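Descriptive analysis of the structure
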Amino acid sequence: MKQNPIPYYTLKQASKILNEKFKTTVYNSKTILSMSLYYQIRLHVLFFGDWSVSCDCHVPIELTAEENENKLIYKKIVLEIENSIEHSMRDSVLLKLNEDALNSLASLGKFDTRRDVFFGGFDGVLRVGYIFESENFDSILDAFLKRSSAASKLSEEQINNIEILAIYPTKTDGSNCKPRAKPYIDDEGELIDYYPYIKLEDVLITHLQLEKILNGELESQYFSNKKINSEEIETHLPSSERRGVSLAKRNAKLAASTLAKYLWNKDTDKSIKLIEMARIVHSELQKTEHYTQLPSIEAVKEWLKLTAPSYAKLAGRPQQPSD
């Protein structure tokens with residue numbers, strides 16, 4: 001590598017560097033993307049502009065109906081994380097692509113978060129100024145924790161275990177931003193919001209991640225040792241299963257589907273459309289222990305599509321009950 005490297009590269013630029021280093025032609029954008037699905041290679045997308053952000057976060061405090069103070073602490077911490085990311089995005093930050101986004105990019109060459117808004121597409125934040133120092137994407141968390149009155153009420157262990165699990169960027173319009181933002185129009189013709197539309201050429205690899213490939217320092221995503229044998233395969237799980245968030249999210253989705261199915265079964269007039277059911281379910285689950293796992297109403301609508309009867313999916317607004 002050059003003595004003064006640039007902070008990050010497109011996958012096309014990185015491929016050229018790798019092919020020159022190893023005197024081969026096998027590396028291209030898609031091969032690096034495929035490698036990231038197996039090896040511990042982080043890939044990012046550069047964001048800047050007036051984006052709004054909502055997050056799924058792990059904040060290790062007990063949340064029960066009786067502990068209202070803890071709920072307030074939790075909500076304030078998550079809000080401060082979201083505000084910190086939004087503020088940083090006005091300059092520029094890198095958002096780390098999650099496994100779902102990488103799979104979509106590998107198979108389709110694009111990732112449309114409008115179509116899979118439940119997964120968000122991103123699960124980490126890296127400030128450009130920190131690229132050569134650390135890639136734990138904790139700089140935003142560190143900055144907010146130092147001045148957070150809510151976080152000051154947690155123990156040091158709890159603070160160290162705060163984690164960003166998923167990031168959902170949206171905009172109120174499609175201008176003045178990177179990457180490109182595209183509108184989401186629902187089945188009833190209603191504009192929901194503008195979501196990032198990621199193409200293969202938007203994907204970046206940082207200098208430190210590229211050096212891991214150049215120096216032969218790659219490790220498997222799924223196994224703790226570089227040497228993999230058949231006995232290890234059954235005793236290790238992907239990081240998405242180890243995190244614990246999947247179970248909580250699955251329970252929330254199950255609760256949403258169960259409630260929706262119950263209400264549709266009682267809907268003898270066949271009047272409750274899918275988007276209206278999403279609003280009802282979202283409102284009801286806000287009152288339960290699942291509220292910390294709830295995404296947008298539009299995402300809840302995606303959860304309910306398999307549960308919804310055919311009439312609920314038809315275009316048109318819900319009928320108003322007659323007097």
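Scroll up a little and you will see the structure.
The present account deals with the structure reproduced in this document. (Residues numbered from 1 in each chain as written. Predicted model: local features only at pLDDT ≥ 70, side-chain atom pairs only at ≥ 80, totals over all residues. Heavy atoms only, no water.)

1. So, the overall build of the chain
Spelled out, the test is: Secondary structure elements follow DSSP: runs of H or I no shorter than four residues count as helices, runs of E no shorter than two count as strands, and numbering proceeds from the N terminus. For the exposure calls, accessible area comes from a 1.4 Å probe over protein chains only, and a residue counts as buried if that area is under 20% of its type's maximum, exposed if over 50%, partly exposed in between. Should any heavy atoms of two residues lie within 4.5 Å, those residues are counted as being in contact.
Check the secondary structure of the chain and you find 13 helices and 11 strands. Looking at the chain residue by residue over its 323 residues, the buried ones come to 45%. Within the chain, residue pairs in contact and separated by at least 24 positions form 72% of the contacts whose partners lie at least 6 positions apart.

2. A short note on the packing of aromatic side chains
Cut-off, in case you're wondering: Whether two aromatic rings pair depends on their centres lying within 6.5 Å, for rings of Phe, Tyr and Trp, where Trp uses its six-membered ring; planes under 30 degrees apart make the pair stacked, over 60 edge-to-face, and the rest tilted.
Scanning all chains against the criterion turns up five aromatic pairs. Judged by centre distance (5.2 Å) and plane angle (85°), the ring pair of Phe47 and Phe122 falls under edge-to-face. Pair noted here: Phe47 is in strand β2 (residues 44-49) and Phe122 is in strand β6 (residues 122-127), with a separation of 75 residues, a long-range link. Both residues of the pair, Phe47 and Phe122, belong to the buried class. Considering the side-chain rings of Tyr184 and Tyr195, the 6.3 Å spacing of their centres and the 70° angle between planes classify their relative orientation as edge-to-face.

3. Quick look at helix α12 (residues 297-304)
With respect to burial, α12 is a largely interior element, six of its eight residues being buried. Three or more residues of α12 are buried, namely Glu298, Ala299, Val300, Lys301, Trp303 and Leu304.

4. Things to note about the environment of Ala252
Among the structural elements, Ala252 can be located in helix α10 (residues 245-265). The spacing of Ala252 and Thr292 is 40 residues in sequence and 9.1 Å in space, taken between C-alpha atoms. When sequence neighbours within four positions are dropped, the list of residues in contact with Ala252 reads Leu285, His290, Gln293 and Trp303.

5. Let's talk about the sheet that holds strand β9 (residues 181-185)
The line we're drawing: Think of it this way: DSSP has to see at least two bridges between two strands before they count as a pair. Note on geometry: axes are lines fitted to C-alpha atoms, helical ones only across the stretch in contact, with angles between N-to-C directions running from 0 to 180 degrees.
Spatial ordering of the open sheet is given by β5-β10-β9, a layout of three strands whose pairing is antiparallel. Taken across any chain shown, the strands that pair with only one partner, and hence form the sheet edges, are β5 (110-112) and β9. Neighbour-to-neighbour, the strand axes of the sheet open up by a mean angle of 30°, direction not taken into account. Sheet analysis places β9 next to strand β10 (residues 191-199), joined by five bridges and oriented antiparallel.

6. What to know about the side chain of Lys96
Residue placement: Lys96 occurs in strand β4 (residues 93-97). A relative accessible area of 15% means that Lys96 is categorised as buried.

7. Describing unusual backbone geometry
Look at the link from Lys178 to Pro179: it is a cis peptide, with omega at 0°. Along the polypeptide, Pro179 turns up in the loop between β8 (177-178) and β9. Phi is positive for Lys23, which is not a glycine, with a value near 50°. Looking at where Lys23 falls in the secondary structure, it is placed in the loop between α1 (11-22) and α2 (29-36). Classification of Lys23 by relative accessible area gives exposed; the value is 75%. Unusually for a residue other than glycine, Asn176 sits at a positive phi of about 50°. As for its position among the elements, Asn176 is in the loop between β7 (163-170) and β8. A residue is classified by how much of its surface remains accessible, and Asn176, at 68% relative accessible area, is exposed.

8. Focus: the pattern of salt bridges
Short version of the rule: Put simply, a salt bridge is a Lys or Arg side-chain nitrogen that is within 4 Å of an Asp or Glu carboxyl oxygen.
The final tally for this structure, using the stated rule, is four salt bridges. Lys96 is the partner of Asp123 in a salt bridge, and the nearest nitrogen-oxygen pair spans 3.0 Å. With Asp123 in strand β6 and Lys96 in strand β4, this pair connects stretches of sequence that are 27 residues apart. A salt bridge links Lys199 to Glu201; the shortest N-O distance between them is 3.8 Å. The exposure class of Glu201 is exposed, given its relative accessible area of 54%.

9. Description of helix α11 (residues 274-285)
Just so we agree on the cut-off: Given the number of residues in a helix, its expected span is that number minus one, multiplied by 1.5 Å. It is the directions from the helix axis to the C-beta atoms whose arc is reported.
When the terminal C-alpha atoms of α11 are compared, their 16 Å separation across 12 residues agrees well with the 16 Å that a helix rising 1.5 Å per residue should span. Three or more residues of α11 are buried, namely Leu274, Ile275, Met277, Ala278, Val281, His282 and Leu285. Seen end-on, α11 carries its buried residues on one side only, within an arc spanning 155°.

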